[in-house]
Each structure stands twice: as C-alpha cells, then as structure tokens.
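Chains, contacts and geometry: an overview
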Amino acid sequence: MIGLDTNILVRYIAQDDAVQSGIANRLIENRLTPDNPGFVSLITLIETTWVLGSCYQQPRQTLIDILRQLITIRQLQVERPDIAHQAIQRYESGNGDFSDAVICLINEDNGCDETMTFDKKARSVGMTLLK
C-alpha cells in the first residue's frame, strides 16, 4: 500500500499543473489498484478539503461531492471510512467545517460525551459551545 499526501490528491483533482497532475494521474489511475490501494488518512481528507476550499475557492457542495468520490474510489483506501462518511453527512447538513465534523466523530468514537468548542458553527456538526 502507498500512502498519499494532500498535494497528490489536490493535483489529481485540480489538474492545474501539467507535470505534477500527470504524475498524480499515472499513480492513481495506473499504479494503484483495489488490491494495492493508495492510503488516504483522515488528515489528508481534511487538508484536501481545506486546500480546495481556501486556495481553489471551491464551493461547499463541490467539496462534498469530491469527498464522496474520494471515499468510494476503489483504488483508494480511506482511513476510518465510517468516520469519513459520517463526517461528510454532518458537513453537508451543518455549516461547520469538515475538520470539525471529523474531530467530533473521533472524540465520540473514543468515548467522549461531548466535544467543547468556542466555534459557533461547529455546533452544527455535533460540538457543544463552551460559554
């Protein structure tokens, strides 16, 4: 299995650098397979979402669509696909960040009754506002 960094996914998705996008394409489309997948950590998903939203100005719905595609590509193995899937659902239904949804779900999975935050938007993905 080969681990993938954020910049590999961003180049593959954005197709904005002829050389690096071509290399990323060959890796993902030709070298990776369902039997030898590329590993995508939750951190990489979070960073990819942040880069595409902040640097590439992709709208929220596009980010949701990209996340859904990434967790279903057979030549990719996403860390904790259960958490990734639930985080996408919370991200779509709320107005908090994808990273907040992942944090909240990981905390829940580790026995936390609640995740405290000062971020008002993070309440919509399951966190509790600390006042």
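Since the structure is predicted, the reported quantities are computational estimates derived from the model, not experimental observations.

On the secondary structure map, Thr49 appears in helix H3 (residues 42-54). A polar atom in the side chain of Thr49 sits 2.9 Å from the backbone oxygen of Leu45. Excluding residues within four positions of it along the chain, Thr49 makes contact with Leu63, Leu67, Tyr91 and Phe98.

Attention now goes to the packing of aromatic side chains. Within the structure shown, the criterion is met by one aromatic pair. A ring pair is formed by Tyr91 and Phe98, whose centres lie 5.8 Å apart and whose planes are at 65 degrees; its orientation type is edge-to-face. With a relative accessible area of 5%, Tyr91 lands in the buried category.

Further remarks concern a nonpolar patch on the surface. Side chains of Met116, Phe118 and Leu130 sit close together on the surface and give an oily, nonpolar patch of about 330 Å² of accessible area. Considering the arrangement of structural elements, one finds Met116 in strand S4 (residues 116-117).

What counts, and at which threshold
- Residues numbered from 1 in each chain as written.
- Predicted model: local features only at pLDDT ≥ 70, side-chain atom pairs only at ≥ 80, totals over all residues.
- Heavy atoms only, no water.
- Helix = DSSP H or I, 4+ residues; strand = E, 2+ residues; numbered from the N terminus.
- Polar contact = N/O pair within 3.5 Å; in protein donor to acceptor, adjacent residues only side chain to side chain.
- Contact = heavy atoms within 4.5 Å.
- Phe/Tyr/Trp six-rings, centres within 6.5 Å; stacked < 30°, edge-to-face > 60°.
- Buried < 20%, exposed > 50% of the residue type's maximum accessible area, 1.4 Å probe, protein only.
- Patch = residues over 30% accessible without salt bridge, like charges linked within 9 Å, V, L, I, M, F, W, Y side chains within 5 Å.
- Areas by Shrake-Rupley, 256 points an atom, 1.4 Å probe, with all protein chains shown as cover.
- Salt bridge = Lys/Arg side-chain N within 4 Å of Asp/Glu carboxyl O.

Note that all results are geometric; they support no functional claim without further evidence.
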